Amino acid sequence: MEVTSILVPFVQVLANEPLTKVPDRYVLPAQEIAVLSNNTSLPQVPVIDLAKLLSQDLNLKGHELEKLHCAGKEWGFFQVINHGVSTTLIESMKRSSKSLFELSMEEKKKLWQIEGDMEGFGQAFIFSEEQKLEWGDAFFLNTLPPHTRKPHIYDHMPQTFRENLEIYCAELEKLANKIIELMTNALAINPKEITDLFNIGTQNVRVNYYPPCPQPEKVIGIKSHSDVGGLTILLEINDMEGLQIRKDGQWISVPPLPNAFIMNVGDTFEIVTNGIYQSIEHRVVVNSNKERISLATFYGPNMQATLAPAPSLVNIEKAAQFRRIRAEDHNNGYFLRELRGKAYLDEMKIAKDGE
Ligand SMILES: O=C(O)CCC(=O)C(=O)O
Ligand SMILES: [Fe+2]
């Protein structure tokens with residue numbers, strides 16, 4: 001896909017300079033400053049136990065499936081424990097993701113985005129020199145289907161990163177498929193109505209690096225957005241807080257939980273479940289002490305598939321909420337706009353009478 005996001009400076013370099021003030025290009029307008037809802041009784045993101053979901057004990061399984069259903073419906077965000085991915089693999093993946101940002105500038109340059117392409121070090125969603133930039137760097141890659149892997153990036157990646165990534169991505173593809181199938185069980189529909197869309201699905205990874213910032217309250221690490229795909233699986237690399245989600249109008253912090261994956265439903269999943277499971281707006285705030293690193297793995301549909309609400313989730317009580325769109329067109333459209341909450345998903349909605 002051709003993407004026209006413009007190339008931007010590396011924030012990690014900026015953060016290494018003795019700055020006391022952040023450059024204007026990063027300072028958000030007052031109304032966009034991230035304010036955390038200050039309420040100690042805010043609800044916590046649900047924690048789902050995959051071992052229970054896969055248990056032979058039907059009571060245990062049923063109870064956890066109900067929890068998954070609530071998490072999909074009411075949160076669109078949850079943490080998953082006992083996910084079955086080996087700790088050794090996860091620790092290696094963490095180390096090698098971190099080391100990407102420790103490469104020399106010369107090495108990083110070989111992995112730099114080239115114009116018209118999103119992969120490598122760089123940003124997406126930037127379309128003008130006036131646009132406010134985020135206080136964060138990213139390394140983005142296509143991993144599946146294999147023919148979408150870009151040789152100019154793969155050939156220059158550090159070998160250990162590449163080797164770990166290969167195994168990690170295969171494990172996360174299996175895990176994503178498992179969770180999606182369990183969600184279809186929780187929705188009590190024929191799994192194929194949704195799982196068929198993910199046959200030869202797409203997978204991308206994004207390593208996010210948010211350097212410490214001298215004026216953290218003036219900037220944002222990632223603007224509020226929902227993810228475009230099916231299911232995102234996030235790994236916290238250095239256990240730093242920063243991720244926040246918007247639930248019922250309030251911003252709630254998602255604290256890293258040891259040995260868990262943070263998962264969230266993307267816009268595609270909201271479309272195919274006819275709005276029953278919701279993609280949730282999230283953002284990242286930064287701090288002045290320490291960098292934060294995360295690894296997001298996005299799992300999306302086959303780009304040739306047509307996205308539409310699953311037939312059995314459309315009925316007299318609930319008409320189709322979203323129009324049909326080819327997955328590739330849906331995906332490309334997402335990357336042609338600035339990140340702005342759930343604005344893009346709203347464009348996919350079928351207007352109700354009188355709107
Ligand atoms: O760094 C994070 O915790 C979230 C990253 C994110 O939302 C994304 O990469 O889409
Ligand atoms: Fe995201």
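Residues numbered from 1 in each chain as written. Chains lettered and ligands numbered in written order. Predicted model: local features only at pLDDT ≥ 70, side-chain atom pairs only at ≥ 80, totals over all residues. Heavy atoms only, no water.

Neighbouring ligand 1 are 14 residues, the closest being Tyr210, His225, His282, Arg292 and Ser294. Aspartate 227 places a side-chain nitrogen or oxygen 3.3 Å from an oxygen atom of ligand 1. Contacts to ligand 1 include histidine 282, whose side-chain N or O atom sits 3.0 Å from an oxygen atom. Considering ligand 1 on its own, with 290 Å² of exposed area, one finds that the protein chains cover 96% of that surface. Elements supplying a minimum of two residues to the shell around ligand 1: β5 (202-210), β6 (222-225), β11 (282-284) and β12 (292-300). In terms of residues, the shell around ligand 1 owes the most to one element, β12, which gives four residues. (Near = heavy atom within 4 Å. Polar contact = N/O pair within 3.5 Å; in protein donor to acceptor, adjacent residues only side chain to side chain. Areas by Shrake-Rupley, 256 points an atom, 1.4 Å probe, with all protein chains shown as cover. Helix = DSSP H or I, 4+ residues; strand = E, 2+ residues; numbered from the N terminus.)

Pairing is mixed in the open sheet, where eight strands are placed in the order β1-β2-β10-β7-β12-β5-β4-β3. In this open sheet, the two edge strands, each paired with only one partner strand, are β1 (47-49) and β3 (120-121). Relative to strand β10 (residues 261-265), strand β2 (residues 77-81) runs antiparallel, the two sharing four bridges. Within the sheet, the bridge partner assigned to valine 80 lies in β10 and is phenylalanine 261. (Pairing = 2+ DSSP bridges.)

A few words on helix α4 (residues 87-100). Between its first and last C-alpha, α4 extends 20 Å over 14 residues, near the 20 Å set by a 1.5 Å rise per residue. Inspection of α4 places Leu89, Ile90, Ser92, Met93, Lys94, Ser96, Ser97 and Leu100 among the buried residues, and these make up the whole buried set. (Expected span 1.5 Å × (residues − 1). Buried < 20%, exposed > 50% of the residue type's maximum accessible area, 1.4 Å probe, protein only.)

Next up on the list: the packing of α4 against helix α7 (residues 159-186). Here α4 crosses α7 at 135°, and the two axes come no closer than 9 Å. Comparing the axis directions of α4 and α7 gives the class oblique. When you trace α4 past α7, the crossing you get is left-handed. Mapping the contact onto sequence places Leu89, Ser92, Met93, Ser96, Ser97 and Leu100 in α4 and Thr160, Phe161, Asn164, Leu165, Ile167, Tyr168 and Glu171 in α7. Here the contact of α4 with α7 is composed, by residue class, of seven nonpolar, five polar and one charged. (Axes fitted to C-alpha atoms, helices over the stretch in contact; angles between N-to-C directions. Parallel < 35°, antiparallel > 145°, perpendicular 65-115°, else oblique. Left-handed = near helix turned anticlockwise from the far one by under 90°. Contact = heavy atoms within 4.5 Å. Nonpolar A, V, L, I, M, F, W, Y, C, P; charged D, E, K, R; others polar.)

On to the environment of tryptophan 112, then. Along the chain, tryptophan 112 falls in the loop between α5 (105-110) and β3. Residues tryptophan 112 and threonine 232 lie 120 residues apart in sequence; the distance between their C-alpha atoms is 24 Å. Sequence-distant contacts of tryptophan 112, defined by excluding residues within four places in its chain, comprise Phe10, Met105, Glu119, Phe121 and Ile153.

Reference values for coordination geometry: four tetrahedral donors around a metal ideally subtend 109.5 degrees, six octahedral donors ideally subtend 90 or 180 degrees. Taken together, His225 (NE2), Asp227 (OD) and His282 (NE2) make up the protein donors of the iron ion (ligand 2), found 2.1 to 2.2 Å from the metal. Site description for the iron ion (ligand 2): donor spacing in sequence, H-x1-D-x54-H. Comparing histidine 225 with aspartate 227 shows no difference in burial state: the two are buried. (Donors = N, O, S within 2.8 Å, 3.2 Å for Na, K, Ca; no water.)

Another aspect to go through is the pairing of β2. For β2, the tally of buried residues reaches four of five residues, placing the bulk of the element in the interior. As judged from the three bridges shared by β1 and β2, these two strands associate in the parallel manner. Residue pairing across strands places aspartate 49 opposite isoleucine 81, the latter belonging to β2.

Of all five residues that make up β10, five are buried, and the element is covered over most of its length. Here β10 shows a buried face lined by Phe261, Met263 and Val265 and a second buried face lined by Ile262 and Asn264. Bridge analysis of strand β7 (residues 231-236) against β10 gives four bridges, and the strand direction is antiparallel. Bridging across to β10, leucine 231 finds its partner in valine 265.

Compared with an ideal rise of 1.5 Å per residue, which puts 18 residues at 26 Å, helix α3 (residues 58-75) spans 25 Å between its outermost C-alpha atoms and is within 8% of the ideal. Those residues of α3 not exposed but buried are Glu64, Leu65, Leu68, His69, Ala71, Gly72 and Trp75. The N-cap residue of α3 is aspartate 57: its side-chain oxygen and the backbone nitrogen of asparagine 59 are 3.0 Å apart. In the segment just after α3, glycine 76 is the residue with positive phi, at about 70°.

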